[in-house]
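Now for the letters of each chain:
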Amino acid sequence: MHMDRAPRAPYADVKRIGIPRALLYYRYGIAWQAFFEHLGLEVVLDAPSDRLTLETGDHLSVDECCLASKLFLGHVLALVERGVDAVFVPSIMGYGRFETFCTKFQALPDLTVNAFAVAGKRVRVVSVRIDERGDESEEQAFIGLGQRFGASRKEAKRAWRAAVAAQRAYDGAMAHEQEALVKSIAKLPEADRPLTILVAAHPYVSHDPFVGGVVEDALREQGACVLFADETDRARSLKRSYDFSHSIPWMVNRELIGSILALHEVIDGIVLMSAYPCGPDSMCDDAIERCIKGKPILTLTVDAQAGTAGVETRVESFVDILSYQKKGGYLNA
Ligand code: SF4
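In this report, the structure presented in the accompanying data block is examined. Computed from a prediction, not measured in an experiment: that's the story for all the values here.

Cut-offs and rules
Residues numbered from 1 in each chain as written. Predicted model: local features only at pLDDT ≥ 70, side-chain atom pairs only at ≥ 80, totals over all residues. Heavy atoms only, no water. Near = heavy atom within 4 Å. Nonpolar A, V, L, I, M, F, W, Y, C, P; charged D, E, K, R; others polar. Domains from an automatic or database assignment. Patch = residues over 30% accessible without salt bridge, like charges linked within 9 Å, V, L, I, M, F, W, Y side chains within 5 Å. Areas by Shrake-Rupley, 256 points an atom, 1.4 Å probe, with all protein chains shown as cover. Salt bridge = Lys/Arg side-chain N within 4 Å of Asp/Glu carboxyl O. Lys, Arg positive; Asp, Glu negative; His and termini not counted. Charge placed at Lys NZ, Arg CZ, Asp CG, Glu CD. Helix = DSSP H or I, 4+ residues; strand = E, 2+ residues; numbered from the N terminus. Pairing = 2+ DSSP bridges. Contact = heavy atoms within 4.5 Å. Axes fitted to C-alpha atoms, helices over the stretch in contact; angles between N-to-C directions. Bend = angle between axes of the 7 residues up to and from the residue. Buried < 20%, exposed > 50% of the residue type's maximum accessible area, 1.4 Å probe, protein only. Core = buried A, V, L, I, M, F, W, Y, C linked by side-chain atoms within 4.5 Å. Right-handed = clockwise from strand over helix to strand, strands pointing away.

Now for the site of the ligand. What surrounds the ligand is the set Cys-66, Ala-68, Cys-102, Lys-104, Phe-105, His-202, Tyr-204, Cys-278 and Pro-280. Split into classes, the residues belonging to the shell around the ligand amount to 7 nonpolar, 1 polar and 1 charged. Counting contributing residues per domain, the shell around the ligand is built from domain 1 (16-165) and domain 2 (188-332), each supplying no fewer than three.

Below is the structure:
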């Protein structure tokens with residue numbers, strides 16, 4: 001009996017692969033790029049987000065999608081229009097019971113293909129499923145992915161090891177830089193310390209120039225020293241988050257909470273940013289506001305309609321109030 005068999009290297013014809021500059025690109029992008037380059041592929045990144053990215057992504061999305069996933073679809077379209085052979089869209093479940101990702105990341109390949117199909121557009125997606133809660137490690141999943149491009153097991157393993165090393169070096173450098181900044185602030189006499197604000201948000205919110213970039217610029221223009229919750233040592237932040245809660249399932253929210261606890265002493269205020277509508281943030285940000293006392297918090301929610309309109313004004317007022325308090329408040333004005 002003749003049986004159709006799936007080809008062993010279904011991605012062997014993919015030579016130019018696009019990585020959307022959105023969502024977990026801001027967490028694992030260095031590793032993904034290094035992995036594909038070590039397999040001999042040309043990696044294409046599209047331009048950073050702008051108003052058009054959001055408009056095209058919004059057009060492709062259903063209303064219920066969060067702003068971050070709308071931006072993601074806008075980036076995918078930009079890559080398709082640049083003529084890449086395929087776009088990399090992983091499906092990421094998580095690394096443990098309390099180290100999971102939001103369901104959007106699990107469904108992302110299907111969400112992407114279906115959104116394009118509904119809009120009458122085509123996209124070829126290359127995916128890998130990461131679920132260390134099962135019996136396959138992330139390394140095994142990526143080795144399997146490399147083999148689907150036609151690489152040998154040994155070549156795929158080498159590419160994965162290089163990817164991990166590149167990402168570790170980058171994350172380590174960012175954490176080291178921020179730690180050095182925190183230490184230098186802590187050494188200053190109290191009166192000379194700059195106003196220090198921690199931006200706590202998913203990395204694709206805080207570091208996307210169209211979303212968090214506006215907040216970072218506004219804070220710096222006001223003379224504040226800006227720290228990022230996702231640029232502290234992730235493993236330490238994750239561990240610290242258990243002082244706050246044992247039941248939060250989302251890994252990135254855990255890291256943000258752990259980072260807030262770790263930096264609580266050196267910061268003057270917190271900007272909690274979220275992309276509307278975000279399920280994990282709506283629960284965790286509310287818990288942060290209710291349970292982490294002693295530091296003023298500015299909550300900013302960015303949606304597809306209003307974007308970042310009005311954000312600068314709110315950030316300026318927040319910094320003004322904190323600066324005033326730092327100088328001793330109204331009684332010492
Ligand atoms: S965690 Fe929130 S912002 Fe991120 S993809 Fe999920 S719903 Fe969107």
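On the surface, Asp-217, Glu-221, Glu-312, Glu-316 and Asp-320 cluster together into a negatively charged patch. Those elements that place two or more of their residues in the negative patch are helix 8 (212-221) and helix 12 (311-326). Positionally, Glu-312 belongs in helix 12.

The 4 strands lie next to each other as 2-1-3-5, forming an open sheet whose pairing is parallel. Each edge of the sheet is formed by a strand with only one pairing partner; in this case those strands are strand 2 (42-45) and strand 5 (125-126). For strand 1 (residues 16-19) and strand 2, the ladder comprises 4 bridges, and the chain directions are parallel. Pairing of Ile-19 across the sheet is with Leu-45, part of strand 2. Here helix 3 (residues 67-81) sits on the sheet in contact with strand 1, strand 2 and strand 3 (86-88), set at roughly 150 degrees to strand 3.

Within helix 1 (residues 25-38), the axis deviates most sharply at Ala-31, by approximately 25 degrees. Most of helix 1 is tucked away, with 10 of its 14 residues classed as buried. Gly-40 lies just past helix 1 and shows a positive phi near 90 degrees.

Residues Phe-36, Phe-88, Leu-145, Phe-149, Leu-219 and Val-271 are the most contacted members of the largest nonpolar core, which totals 106 residues. Taken domain by domain, this core gets at least three of its residues from each of domain 1 (16-165) and domain 2 (188-332).

Right, let's get into the pattern of salt bridges. For the structure shown, the criterion picks out 13 salt bridges. Of the charged contacts, one joins Asp-171 and Arg-234 as a salt bridge, the two residues approaching to 3.5 Å between their closest N and O atoms. With Asp-171 in helix 6 (residues 153-187) and Arg-234 in helix 9 (residues 234-240), this residue pair connects regions lying 63 residues apart in the sequence. A relative accessible area of 24% means that Asp-171 is categorised as partly exposed. Owing to a relative accessible area of 24%, Arg-234 belongs among the partly exposed residues under this scheme. Its salt-bridge partner being Arg-220, residue Glu-216 comes within 2.8 Å of it at the nearest N-O pair. Here the residue Glu-216 and the residue Arg-220 both occupy positions in helix 8, the gap between them amounting to 4 residues, near one helical turn. We classify Arg-220 as partly exposed; its relative accessible area is 42%.

Now for the pairing of strand 1. Taken together, strand 1, helix 1 and strand 2 form a β-α-β motif whose crossover is right-handed. Relative to strand 3, strand 1 runs parallel, the two being bridged by 2 bridges. Bridge pairing in strand 3 links Ile-17 to Ala-86.

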